[in-house]
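# Notes for the structure review
Residue strings, one per chain:
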Amino acid sequence: MADISLTFPDGNARSYPQGTTPAEVAADISKSLGKAAISANVDGAHWDLQWPLDRDCAISINTLKDDAAALELIRHDLAHIMARAVQELWPDVKVTIGPVIDNGWYYDFDRSEPFTPEDLGAIEKTMKDIINRRDPIRTEVWERTRAIQHYEQNGEPYKVELIDAIPGDEPLRMYWHGDWQDLCRGPHLQHTGQVPADAFKLMSVAGAYWRGDSSRQMLQRIYGVAFKSKEDLKKHLNMLEEAAKRDHRKLGREMDLFHMQEEAPGQIFWHPNGWTIYTGLQDYMRRQQRRDGYVEVNTPQVVDRKLWEKSGHWDNYQEHMFIVEVDEEHAREKAVNALKPMNCPCHVQVFNQGLKSYRDLPLRMAEFGSCNRYEPSGALHGIMRVRGFTQDDAHIFCTEEQIEEETAKFIRFLAKIYADLGFEDWTIKLSTRPEKRIGSDESWDMVEAALGAACRKAGYDYEIQEGEGAFYGPKLEFTLTDAIGRQWQCGTLQVDPNLPERLDANYIGQDGAKHRPVMLHRAVLGSFERFIGILIESHAGKLPFWIAPRQVVVASITSDADDYVRETVELLIAAGVRAEADTRNEKINFKVREHSLGKVPVILAVGHREVEERTVTVRRLGEKQTQVSPRDEVVTLLRQDATPPDLT
RNA sequence: GCUGCUGUAGCUCAGAGGUAGAGCACUCCCUUGGUAAGGGAGAGGUCGAGAGUUCAAUUCUCUCCAGCAGCACCA
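Residues numbered from 1 in each chain as written. Chains lettered and ligands numbered in written order. Predicted model: local features only at pLDDT ≥ 70, side-chain atom pairs only at ≥ 80, totals over all residues. Heavy atoms only, no water.

As named in an unreviewed UniProt entry, chain A is Threonine--tRNA ligase, taken from Poseidonocella pacifica. Quoted verbatim from the Sequence similarities (unreviewed entry) heading of the UniProt record, the comment on chain A is "Belongs to the class-II aminoacyl-tRNA synthetase family." What UniProt records for chain A under Subunit (unreviewed entry) is the sentence "Homodimer." (UniProt positions renumbered as here; feature names shortened; annotations may be inferred.)

When helices and strands are tallied, chain A shows 20 helices and 34 strands. Overall, chain A is about 90 × 80 × 60 Å in size when its C-alpha atoms are taken along their principal axes. Counting across all 648 residues of chain A, residues that qualify as buried make up 51%. With an accessible surface of roughly 31,600 Å², chain A has 48% of that area assigned to carbon and sulfur atoms. Here chain A contributes 80 positive and 103 negative side-chain charges, whose respective centroids are spaced 3 Å apart. (Helix = DSSP H or I, 4+ residues; strand = E, 2+ residues; numbered from the N terminus. Buried < 20%, exposed > 50% of the residue type's maximum accessible area, 1.4 Å probe, protein only. Areas by Shrake-Rupley, 256 points an atom, 1.4 Å probe, with all protein chains shown as cover. Lys, Arg positive; Asp, Glu negative; His and termini not counted. Charge placed at Lys NZ, Arg CZ, Asp CG, Glu CD.)

Attention shifts here to the domain arrangement of chain A. What the domain assignment lists for chain A is domain 1 (3–63), domain 2 (69–244), domain 3 (259–539) and domain 4 (545–642). Computed over C-alpha atoms only, the centres of domain 2 and domain 3 are separated by 42 Å. (Domains from an automatic or database assignment.)

The next thing to look at is the packing of aromatic side chains. Applying the stated criterion to the full structure yields 25 aromatic pairs. Measuring from centroid to centroid gives 5.6 Å for Trp90 and Phe115, while their planes differ by 70°, and the two rings are edge-to-face. With Trp90 in the loop between helix H3 (67–89) and strand E6 (94–95) and Phe115 in the loop between strand E8 (104–110) and helix H4 (117–133), the pair connects residues that are 25 residues apart, well separated along the chain. Classification of Trp90 by relative accessible area gives buried; the value is 17%. On the numbers, 6.2 Å between centres and 55° between planes, the contact of Trp426 with Phe478 is tilted. (Phe/Tyr/Trp six-rings, centres within 6.5 Å; stacked < 30°, edge-to-face > 60°.)

What follows concerns the pattern of salt bridges. For side chains of opposite charge, pairing can occur when their charged atoms come near one another. Within the structure shown, the criterion is met by 44 salt bridges. Across the salt bridge formed by Glu296 and Arg286, the nearest N and O atoms sit 2.7 Å from each other. In this pair, Glu296 is assigned in strand E16 (residues 295–296) and Arg286 in helix H9 (residues 272–291), connecting sequence segments 10 residues apart. Judged by relative accessible area, Arg286 falls into the partly exposed class, the value being 24%. (Salt bridge = Lys/Arg side-chain N within 4 Å of Asp/Glu carboxyl O.)

Taken together, 49 residues form the shell around RNA strand B, and within it Tyr209, Ile557, Asn585, Arg593 and Glu610 come nearest. Gly207 is positioned with one of its backbone polar atoms (N or O) 3.3 Å from a sugar or linking oxygen of RNA strand B. One of the backbone nitrogen or oxygen atoms of Gly378 is found 3.1 Å away from a base nitrogen of RNA strand B. Every element with two or more residues in the surface near RNA strand B is listed here: strand E12 (200–209), strand E13 (218–226), helix H8 (248–254), helix H18 (588–597), helix H19 (608–613) and strand E33 (615–620). Broken down by element, the residue count for the surface near RNA strand B peaks at seven residues, all from H18. Looking at side-chain class alone, the surface near RNA strand B contains 20 nonpolar, 18 polar and 11 charged residues. (Near = heavy atom within 4 Å. Polar contact = N/O pair within 3.5 Å; in protein donor to acceptor, adjacent residues only side chain to side chain. Nonpolar A, V, L, I, M, F, W, Y, C, P; charged D, E, K, R; others polar.)

As a further point, take the environment of Glu254. For Glu254, the position within the fold is in helix H8. Sequence separation between Glu254 and Leu597 is 343 residues; the distance between their C-alpha atoms is 7.8 Å. Side-chain polar atoms of Glu254 contact the side chain of Lys250, separated by 2.9 Å.

Turning next to the sheet that holds strand E22 (residues 388–398). Taken in spatial order, the eight strands of this open sheet run E16-E21-E22-E29-E26-E25-E23-E24, and their pairing is mixed. The open sheet has two edge strands, E16 and strand E24 (463–465), and neither has a second partner. Of the pairings in the sheet, the one linking E16 to strand E21 (residues 363–372) comprises two bridges and is parallel in character. Looking at the pairing, Val295 lines up with Met365 of E21. Relative to E21, H9 is tilted by about 160°, and along the sheet it contacts E16, E21, E22 and strand E29 (518–527). (Pairing = 2+ DSSP bridges. Contact = heavy atoms within 4.5 Å. Axes fitted to C-alpha atoms, helices over the stretch in contact; angles between N-to-C directions.)

Here we take up the pairing of strand E26 (residues 487–496). For E26, the buried fraction is high: eight of the 10 residues fall into the buried class. When strand E25 (residues 475–481) meets E26, the two strands line up antiparallel, connected through seven bridges. The residue bridging Thr481 from the neighbouring strand is Gln487, located in E26. Between the end of E25 and the start of E26, which pair antiparallel, lie five residues, with Gly485 showing a positive phi angle near 85°. Of the strand pairs in this sheet, E26 and E29 are connected by five bridges, and their pairing is antiparallel. The residue bridging Asp496 from the neighbouring strand is Met519, located in E29.

Now for the side chain of Thr126. Inspection of the secondary structure puts Thr126 in helix H4. Beyond its immediate stretch of four places on either side in the chain, Thr126 contacts Ala85, Glu88 and Leu89.

Moving on to the sheet that holds strand E3 (residues 37–42). Read from one edge of the open sheet, five strands run E2-E1-E5-E3-E4, paired in mixed fashion. The open sheet terminates on both sides in strands that have one partner only, identified here as strand E2 (13–17) and strand E4 (45–47). The average undirected angle you get between the axes of adjacent strands in this sheet is 40°. Where E3 lies against strand E5 (residues 57–63), five bridges are found, and the strand directions are antiparallel. Each residue of the ladder has a partner; that of Ser39, found in E5, is Asn62. Contacts between helix H1 (residues 22–29) and the sheet are confined to strand E1 (3–7), E2, E3, E4 and E5, with E2 contributing the most and set at about 125° to the helix. Sitting on the sheet, H3 is in contact with E3, E4 and E5, with an inclination near 120° to E3.

Below, the discussion takes up a nonpolar patch on the surface. Nonpolar side chains collect at one region of the surface, where Met203, Met239 and Leu240 lie side by side and expose about 230 Å² of accessible area between them. Along the chain, Leu240 falls in helix H7 (residues 230–245). (Patch = residues over 30% accessible without salt bridge, like charges linked within 9 Å, V, L, I, M, F, W, Y side chains within 5 Å.)

Next up, the structure:
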């Protein structure tokens, strides 16, 4: 057999007989590497140590020190080890698929009985046992018919279906450890003992549809997390705990921002503190929009179905709409209305009032539009995914030629707002034409190019999401990263030539003829509700001073200072600071603790000394140290802190 | 919407086939205390809703509602 030449990372090349495996290569390099090896990279592909090498290639051997490869393999092997453990414990459970995901893996099972938390404990124990057996992992390529026959005989219908879905030219790989076998594309470790036995944990079990299709069998999915070391696992579990601490639902209660109740699922009762954030953000957005050339409108909540029929929502979106029927005493027919799920059709109605000229374009029409959508019950989540919300919505009516400039202008607008709100890290995705679409290819070419050009014009890179656009036009999505690295898609800009067509919007062009405008649907925050949730979680409740609902508490140390406290609060309020007095009969320790837990950014403590010296003692949230300053100075300082970022 | 779990005081949670308990919060009293819980007393619950089994249901069963996790959804 001919030799092949293998090039190593250091640039040296050696020849080996064709068909040599990376395992043999590793063992040839050194005995210890042979043992420590977990996989190889072959011309950039992740390669099982057992797969033969049949051509010249660049190769490097991975060990547990190579993070990416190690984590991938550990998690992937754990998926199989878990499936084996489950089948050892319950032989009649059917296996399906088990991929690697962020921080771990999952595996989907078909079992009539639900897995209980106790079951998870038992599975984990069996998994550790399997790891300790150090079973060698071996692989073979099987004929398609043989594989199908095998799985049919063993009562594993899901595997048969998977094989049917694998393209005919791809090899079918079988993997074993011990007697246990699974279909898998690999790669895998050398033996089960290479998985760290103390660095994984089974987290939860939940339903999941077979092949992600809600019309098919519901399976049981067990999630696990895994790392290279016990310490890394611990770190991850701590991180989860931290994330739970900043859950906006918990902070919303603790900071007395809002509540929700059974009678209005998916809708928010805003308390004074929460509403202060809400209106503060809305006031800020309103100032920004005015400066950027928007006009603001307001449109009806309850609209006759006739409009929704024309706009297409009645046919395409009805299951998400709250339908309102009204019995009119003298009417022949019932009036059927729907709460608006979107503002766009109403905005076209405003546009359509009076004749529009090309001179009126671009027309930027904004509304803090309250919408109601009947979201599926399982989708609801705190104030992040609700049935009643308000968008910072606007529609830009323009010509096709204006799309690029208007889009660039919007990106700059959005960038300033994200920066003001403390989000410097965000990205743009451009979603292009989907398979099912309307409009000509030339028109799609033109508009997609305009969006890309606008991004470059505004100075930003973008990533393309092939085929993810709406049926009527491409879109930009703006995703920001929060303080703990989570990503949220907030902003959006969608090009829509469809709705102006359906609702017969037009303007008189320079040529004196009627023309169809294009609409750009756009939002920066998305919805106020969701964005406030993001703000709360990103800041862990410690909101920037200007938007914090309670900015200052002036607390008396002894009751002799109560008058001075009240006077100070009045000065602060006059200076535009949200301040309140705490003259309760409690010790200062108690007051400091309570307002710190309530995330009040500044506590001013006042006792005999301060009254006499006309000072206050300033204590900022999160700082142990306090500072005594003249009261007037502090008021001036806090007045500045309280000014929104666009007004400083 | 689907699968699983949960629903007891304002909050966090314990409890049992014989109609309920803790801590914190709340009210009152004492205490005037210098930067993350001072002390005492008191009040507070149709045990998510409805039906069934039972001498007896908040506890067991069923249905519904809501919440949580995941899936699906987010034209």
